[in-house]
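Here is how the chains run, residue by residue.
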Amino acid sequence: MALLKALYFLLLTASNTLALPSIAKPHRLSAVVREGSKLLVDGKQWKAVGPNVYWLGLDENVTPPTGEPYDPATKASYPTKERVTEIMAMVNALGGTMIRAHTLGVSTGNPLSIWPAKGVVNEEAFKSIDWAVYQAGLYGVHLLVPLVDNYDYYHGGKYNFLRWAGFDFTQSRDSNNPGIQQFYTNATIVATFKDYIKTLLTHRNQYNNLTYAEDPTIFAYESGNELLGPVWGDMNCPADWVRDIAKYVKSLAPNKLFFDGTYGINKTHLDIEEVDVFSDHFYPIDTKKLNAGIEAVESAGKVYYAGEYDWVGTSGGDSLESFYQILESSPTVGGDSFWSLFGRNGPDCNTFVNHSDGFTLQYGNPNNTAYTNSRIQLIRKHFIAMSQGKTIDPGEPLPPVPCPAPPPQRPRI
Ligand SMILES: *[C@@H]1O[C@H](CO)[C@@H](O)[C@H](O)[C@H]1NC(C)=O
Ligand SMILES: *[C@@H]1O[C@H](CO)[C@@H](O)[C@H](O)[C@H]1NC(C)=O
Ligand SMILES: *[C@@H]1O[C@H](CO)[C@@H](O)[C@H](O)[C@H]1NC(C)=O
Ligand SMILES: *[C@@H]1O[C@H](CO)[C@@H](O)[C@H](O)[C@H]1NC(C)=O
Ligand SMILES: *[C@@H]1O[C@H](CO)[C@@H](O)[C@H](O)[C@H]1NC(C)=O
C-alpha cells in the first residue's frame, strides 16, 4: 500500500507539471459489457452503483475568484480540480463503482459550454471534463454520461437545438407545445445533434490521450436526461430517434453501452437492438413503478437501471429500505444512482457546497444530522451489497474522506 501511495503521488506530481503525463502507460479501466440482463467487467458480474454528480464539467453553485471564467446570467463556472478529485475519493468511500454525470456530456448554449453556439467549439470547456474523466479512471470509477437534457437548464439541452434551427421555443413557455417534438423528428436538428455528439466523442483527453469514444472509463452514453414529449409523463421520445442515436453513438464508440434516456420505461422501445439499458427516475420513491419497470425490461432480456431517486425521503413515497431490497434482489437490475452528491469547496477544506433542490448529500459534513448520516450509511450498505455482494452492519461508521483528497482505494496505475 505504501508503495502504491508513493507511486500515486509521483504520478500526481507528474500530472501537475507535464501537459501529457504518463502517456506511455495510459490508465485504462476494464470495459463494461452486457450479456443479456447482466453487466460484466473482466468476465465477472458488475453493478453500476454511485451518485449523480451533475456539475463535474460545469457548475452553478460556486462563485469563482475574480478573473476565472464565469457566466453571471446562469451562475456557471468550471469546478476546481480539488472538488472533482475529492468526489472520486467520496465514491470510493461510499463503495460506489460509478457516477452519472450530466455536464460531462450535456454542454451546449452557455458561453462556457463545449458548443456555446451551433457548431462552435470552445476548447476551454474540455479542460474540466478531461480532468473529471481522467480522475475517475485513476480512482476506478466508471462514468455514465447523458448527451442532452430535456430542460432549458444552465448546461444546455434540447431547447438549444430547437432555437439553433429557428424555432423560438423556451421550456417555460413551450414545454406543452407539440412543436418541441421537432427536436426528435426534424432531419436538420437530428443532423446537428449528431455533429455535437461527434465533437464530444472524438475529443482527445489532454491527460490520458484517449478520445472519449476510446476511454472505457466512460462505460455508457445515455440518449439524454428525462426525455419526453409535450405532456409531462408521456414518455414520448420516438423509438426511431432512440434507435438512430444509439446506432450513431455505437458507430463512433463500438465498445460503449447505450442507455435509453426516455423518462420512464416506454414498452415500444424495448425491442431496440442497440439499447443496452432502460431506466427510470423516482421522485418520490415508488416500488410499484420499480417492480413494473423491472418486469418489462426483464422480458426484453435487457438491463434495468434506477438513474435518479430521492435519497432524503422528505417527499413521501415508499421507504428507501424497500426500494433497495428490490434492487438488490433482482438479477435484471444493473444498478442505481441517487440524486445528488456534493463535497467541499476545494481547495477550501472548511466549506461544503450546497445546492437548492433539497437533495444535496454532503459526504462527511460535520454538520450533518444523525438522520442524514443514517441515510448515508444505508446508501453505503446498499452500494457494498450491490458491488461486492457483502452485507455490512447498517451502523458501520462512514469512512472519513480527508481534505485534500486521499489517493484511490483501488489504484489503477
Ligand atoms: C426542420 O427545420 C428547418 C429549420 O432548420 C426547417 O426549415 C424545416 O422546415 C423543418 N422541417 C420540418 C419538417 O418542419
Ligand atoms: C496521442 O494519440 C494519438 C493517436 O493515437 C497519437 O498520434 C499521438 O502521438 C499521441 N500523443 C502522444 C503525446 O502520445
Ligand atoms: C412511447 O414511445 C412512442 C414512440 O416511440 C410514442 O408514440 C408513445 O407515445 C410513447 N409513450 C407511451 C406511453 O407508449
Ligand atoms: C456548520 O454550521 C455552522 C453554523 O451554521 C457554520 O458556521 C459552519 O460553517 C458549518 N460547517 C460546515 C463544514 O459546513
Ligand atoms: C442548503 O440548501 C437547502 C435548500 O435550499 C437549505 O434548506 C439548507 O438550509 C441549505 N444548507 C445550508 C447549510 O446552507
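For clarity, every value in this text was computed on a predicted model and none was experimentally measured. (Residues numbered from 1 in each chain as written. Chains lettered and ligands numbered in written order. Predicted model: local features only at pLDDT ≥ 70, side-chain atom pairs only at ≥ 80, totals over all residues. Heavy atoms only, no water.)

Draft legend 1. Molecular detail of helix H11 (residues 370–388). The terminal C-alpha atoms of H11 lie 26 Å apart, and with 19 residues this matches the ideal 27 Å at 1.5 Å per residue to within 8%. Where H11 is buried, its residues meet strand E4 (48–52), helix H2 (81–93), strand E12 (303–309), helix H10 (320–329), strand E13 (333–339) and strand E15 (361–362). Taken from the residues just after H11, Gly389 is the one with a positive phi, measuring 60°. (Helix = DSSP H or I, 4+ residues; strand = E, 2+ residues; numbered from the N terminus. Expected span 1.5 Å × (residues − 1). Contact = heavy atoms within 4.5 Å.)

Draft legend 2. Highlighting the state of the cysteines. Applying the stated criterion to the full structure yields one disulfide. A disulfide bridge connects Cys349 with Cys403, and the sulfur atoms are separated by 2.0 Å. Taking the torsion about the sulfur-sulfur bond, which here is approximately -75°, the covalent link between Cys349 and Cys403 counts as left-handed. One end of the pair, Cys349, is in the loop between strand E14 (341–342) and E15; the other, Cys403, is in the segment after H11, with 54 residues separating them in the sequence. (Disulfide = S-S within 2.5 Å.)

Draft legend 3. How the structure looks around the site of ligand 1. Around ligand 1 sit Ala165, Phe167, Gln182, Asn186 and Thr188, and that is every residue in its neighbourhood. Between an oxygen atom of ligand 1 and a side-chain N or O atom of Gln182, the distance comes to 3.2 Å. The side chain of Asn186 places a nitrogen or oxygen atom 2.4 Å from an oxygen atom of ligand 1. Calculation on ligand 1 without its partners gives an accessible area of 360 Å², and the protein chains cover 41% of this total. (Near = heavy atom within 4 Å. Polar contact = N/O pair within 3.5 Å; in protein donor to acceptor, adjacent residues only side chain to side chain. Areas by Shrake-Rupley, 256 points an atom, 1.4 Å probe, with all protein chains shown as cover.)

Draft legend 4. Looking closely at the UniProt feature "domain: Glycoside hydrolase family" (unreviewed entry) in the protein chain. The UniProt record marks residues 82–269 with the feature "domain: Glycoside hydrolase family" (unreviewed entry), using the residue numbering of this structure. The straight-line gap between the two end C-alpha atoms of residues 82–269 is 40 Å; of that span, 37% is helix and 9% is strand. (UniProt positions renumbered as here; feature names shortened; annotations may be inferred.)

Draft legend 5. Just the pattern of salt bridges, in detail. Enumeration over the complete set of coordinates arrives at 15 salt bridges. A salt bridge links Arg100 to Glu222; the nearest nitrogen and oxygen atoms lie 2.9 Å apart. In this pair, Arg100 sits in strand E7 (residues 98–100) while Glu222 sits in strand E9 (residues 218–222), placing the two residues 122 residues apart along the sequence. Accessibility assignment for this pair places Arg100 and Glu222 in one class, buried. (Salt bridge = Lys/Arg side-chain N within 4 Å of Asp/Glu carboxyl O. Buried < 20%, exposed > 50% of the residue type's maximum accessible area, 1.4 Å probe, protein only.)

Draft legend 6. Quick peek at the packing of aromatic side chains. Inspection of every chain in the model, using the stated rule, returns 32 aromatic pairs. With centroids separated by 6.2 Å and ring planes inclined at 20°, the aromatic side chains of Phe338 and Phe383 adopt a geometry described as stacked. Here Phe383 lies in helix H11 and Phe338 lies in strand E13, a separation of 45 residues in the sequence. Of the two residues, Phe338 and Phe383, both sit in the buried class. An aromatic cluster of three or more residues is present, and its members are Trp115, Phe161, Trp164, Phe183, Tyr184, Phe193, Tyr196 and Trp241. Its guanidinium or amino end placed over the ring of Trp131, Lys81 lies 4.5 Å from that ring's centre, counting from NZ or CZ. (Phe/Tyr/Trp six-rings, centres within 6.5 Å; stacked < 30°, edge-to-face > 60°. Lys NZ or Arg CZ within 6 Å of the ring centre and 35° of its normal.)

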